[in-house]
Structure formats: structure tokens, C-alpha cells
Amino acid sequence: MKRPILIHPDPRLKKVAAPVEDISDELRKLSDDMLETMYDAPGIGLAAPQIGILQRLIVLDCVKEEGETPRPLVMFNPEIVAASDETSVYEEGCLSIPEQYAEVTRPAEVTVRWMDRDGNAQEESFDKLWATCVQHEIDHLEGKLFIDYVSPMRRQMITRKSQKLKRERARG
Ligand code: NI
């Protein structure tokens, strides 16, 4: 089932999400819903706070090439355990800030530890787009958005545009 995505500004997007204690069927269903919502958008990542659920859960799939096998990842309580000194710059967007993009500098490679949907501990290193995406999604669990990395002036401008789009959508 698709879930509505919160649009910035929204106080729920600024909150710190709570750790997941144990992975219930309800949470597994939620992760399925999040993947469906993400693919439909379409997007390459989605964090639970973006659908108003303040729990530490993200989903992502950065396989974008036509004909390549999708790789949906579901991460409960994801944690960055190592980050490279080397950085990379990507033009980022966010399903909660439609039509707005900005270049963000982040570590080029990160090692992430998480619990999968069966409750097994996983650890993997990510680079390129995957590294950027997983960091962006984990930021959401801290109430942090990609616009928090740009200048205050640029952030205000993006926020005004997002607010306007949100009002237009609410009007229908
Ligand atoms: Ni986002």
C-alpha cells in the first residue's frame, strides 16, 4: 500500500526517530509499503519519518539502469560505522522537497551496519550513488535534510518554493 509522503516544511521531518526494538510483522509490512511508495514516486530512497513514522527505518535501491536487476534494501536501525576521508559531490533531491536540488559534499565511501527484515545484523560498504543515498536517508532519522548542508539563503529559498508547492497540492 502506497503511503502519502510528507512535504517540507513539516515538524515531523525535523524530529529524531526512535530505534526499532524488534521487527514485528507490522514493521515488515511498513517496509514493503515504503518500497512501494519509493518505487512509485519514483525515488531511490525513503526514510520512515517521511511518511510520518518516527522510527529508525529506511529503504533504498540505487539501481537505476533499465534492465538491471533491482536491489531493494531495507535497513532497521542503520548506523554509519566508518566513513572515508575522501569526499564526493552529488546533486541531491528529496521526495519531501519535490523539484528542488542542491549539490552536497559527503564522504565518498561509508560502511553501514543495520538489521535486515529478518532481524539479522548486516554490514556493508557503499560507494558512489549508494553512499550518498544511504547517508541522505540516515540523516532523515536525525531530522536532518539535504538543505541543511546549503547556505541559509539558499535553504530559505528552497523552503519557500517547497511551501508554495505544498499549498498548491493541498488545494488540489
Ligand atoms: Ni530525502
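Residues numbered from 1 in each chain as written. Predicted model: local features only at pLDDT ≥ 70, side-chain atom pairs only at ≥ 80, totals over all residues. Heavy atoms only, no water.

K.L.:
Describe the overall build of the protein chain, with residues and values.
P.N.:
Along its length, the protein chain carries 3 helices and 7 strands. Reading the secondary structure of the protein chain in the N-to-C direction produces α-β-β-β-β-β-β-β-α-α. Along the three orthogonal principal directions, the C-alpha set of the protein chain runs to about 40 × 40 × 35 Å. In the protein chain, buried positions account for 43% of the 172 residues. When contacts within the protein chain are restricted to residue pairs at least 6 apart in sequence, long-range pairs at least 24 apart make up 66% of them. Of the accessible surface of the protein chain, which amounts to about 9,300 Å², a share of 49% is contributed by carbon and sulfur atoms. (Helix = DSSP H or I, 4+ residues; strand = E, 2+ residues; numbered from the N terminus. Buried < 20%, exposed > 50% of the residue type's maximum accessible area, 1.4 Å probe, protein only. Contact = heavy atoms within 4.5 Å. Areas by Shrake-Rupley, 256 points an atom, 1.4 Å probe, with all protein chains shown as cover.)

K.L.:
Go over the UniProt feature "binding site: Fe cation" (unreviewed entry) in the protein chain with me, naming the residues and quoting the values.
P.N.:
In this structure's numbering, the residues bearing the UniProt feature "binding site: Fe cation" (unreviewed entry) are Cys94, His136 and His140. Sequence-wise these annotated residues cover 47 residues; spatially they are packed, their C-alpha atoms never more than 10.2 Å apart. Inspection of the secondary structure assignment puts His136 in helix α2 (residues 128-141). With residues up to four places along the chain from it excluded, the contact list for His136 reads Glu92, Gly93, Cys94, Arg106 and Phe146. A polar contact of 2.9 Å, which involves the side chain of His136, links it to the side chain of Glu92. (UniProt positions renumbered as here; feature names shortened; annotations may be inferred. Polar contact = N/O pair within 3.5 Å; in protein donor to acceptor, adjacent residues only side chain to side chain.)

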